[in-house]
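Close look at the chain arrangement
Chain residues, written in single-letter form:
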Amino acid sequence: GTLDGIAVQRCINNLAESDSPRSSKSIRNIVIVLRAALQKAADLHLIRENPCDHVSLPKRHTKPAKALDSQQVEQFLCCARGIDEIYLLLLLAFSLGLRRGELAGLRWDDFDLQARTVYIHHNRVVAGGKVIDKSPKSAAGTRILAIGPKLAAELAPYRAKAAGPFVFSKKDGLPYN
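Rules used throughout
- Residues numbered from 1 in each chain as written.
- Predicted model: local features only at pLDDT ≥ 70, side-chain atom pairs only at ≥ 80, totals over all residues.
- Heavy atoms only, no water.
- Helix = DSSP H or I, 4+ residues; strand = E, 2+ residues; numbered from the N terminus.
- Rg over C-alpha atoms; globule rule 2.2 N^0.38 Å.
- Contact = heavy atoms within 4.5 Å.
- Axes fitted to C-alpha atoms, helices over the stretch in contact; angles between N-to-C directions.
- Parallel < 35°, antiparallel > 145°, perpendicular 65-115°, else oblique.
- Left-handed = near helix turned anticlockwise from the far one by under 90°.
- Nonpolar A, V, L, I, M, F, W, Y, C, P; charged D, E, K, R; others polar.
- Core = buried A, V, L, I, M, F, W, Y, C linked by side-chain atoms within 4.5 Å.
- Buried < 20%, exposed > 50% of the residue type's maximum accessible area, 1.4 Å probe, protein only.
- Pairing = 2+ DSSP bridges.
- pLDDT = per-residue confidence, 0-100.

The next subject is the overall build of the protein chain. Counting its secondary structure elements, the protein chain contains six helices and five strands. Order of helices (α) and strands (β) in the protein chain, N terminus to C terminus: α-α-α-α-α-β-β-β-β-β-α. Its C-alpha radius of gyration of 25 Å places the protein chain more than 25% over the 16 Å reference for a compact globule of 177 residues. For the protein chain, the spread of C-alpha atoms along the three principal axes comes to 70 × 35 × 30 Å. Within the protein chain, residue pairs in contact and separated by at least 24 positions form 53% of the contacts whose partners lie at least 6 positions apart.

Let us now look at the packing of helix α1 (residues 5–17) against helix α2 (residues 24–43). At a minimum axis distance of 10 Å, the contact between α1 and α2 shows a crossing angle of 155°. When the interaxial angle is binned, α1 and α2 end up roughly antiparallel. In terms of crossing hand, the pair formed by α1 and α2 is right-handed. Between α1 and α2, the contacting residues are V8, I12, L15 and A16 on the first element and I27, I30, V31 and L34 on the second. Looking at side-chain class alone, the contact of α1 with α2 contains eight nonpolar, no polar and no charged residues.

Core analysis: the largest hydrophobic core is formed by 25 residues, its most contacted members being L92, F111, I147 and L155. Among the secondary structure elements, those contributing two or more residues to this core are α3 (70–80), α4 (84–96), β2 (117–120) and α6 (149–160). Among the elements that take part in this core, α4 stands out by supplying six residues, more than any other. Apart from the residues lying within four places of it in its own chain, the contact partners of L155 are L88, L92, W108, F111, L113 and I147.

Here the focus is the sheet that holds strand β1 (residues 111–112). Read from one edge of the open sheet, three strands run β1-β2-β5, paired in antiparallel fashion. Single-partner strands in this sheet number two, and they are β1 and β5 (143–146). With four bridges joining them, β2 and β5 adopt antiparallel strand pairing. Looking at the pairing, Y119 lines up with I144 of β5.

Let us now look at the confidence of the model for the protein chain. Averaged over all residues, the pLDDT of the protein chain is 88; the fraction at 70 or higher stands at 98%. Element-level mean pLDDT values for the protein chain span from 82 in strand β4 (residues 130–134) up to 94 in β2.

Here it is, written out as structure tokens:
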């Protein structure tokens, strides 16, 4: 047979509707690679037109996030209580809803325990094999969050014994990636 738009569409449909269907993201990635290869063939005049130009991709389906309930959060914190950095990481993640890069970039100077606030304006990420300290992606990512009295009280002893400027650091004070 020939590779035409109908054949490509059948392939997409089969991937989406088989007994073990691929996610819409996986199918989109497959079509991106196929489209690029067939476009090169069209550019070299090996085929008249790209068969991927008129295919329909499956709608994007995002699974709703599953949040932990308060009892599950308490269980996590209870299990982690004896492991200082893990406990602190989970406590801040659950209490403030910080992203991984925000937690890695968090500095003790960002906290004002008297005013009970934390200023989120650092994001520590790995890109191209290198660690990059940068601002959050959008203006909305830079924010000041309120911290309750209980959280402020729990943070104080950690701050007193900090090895360096970062909330999460190795024993030598250097931050984690």
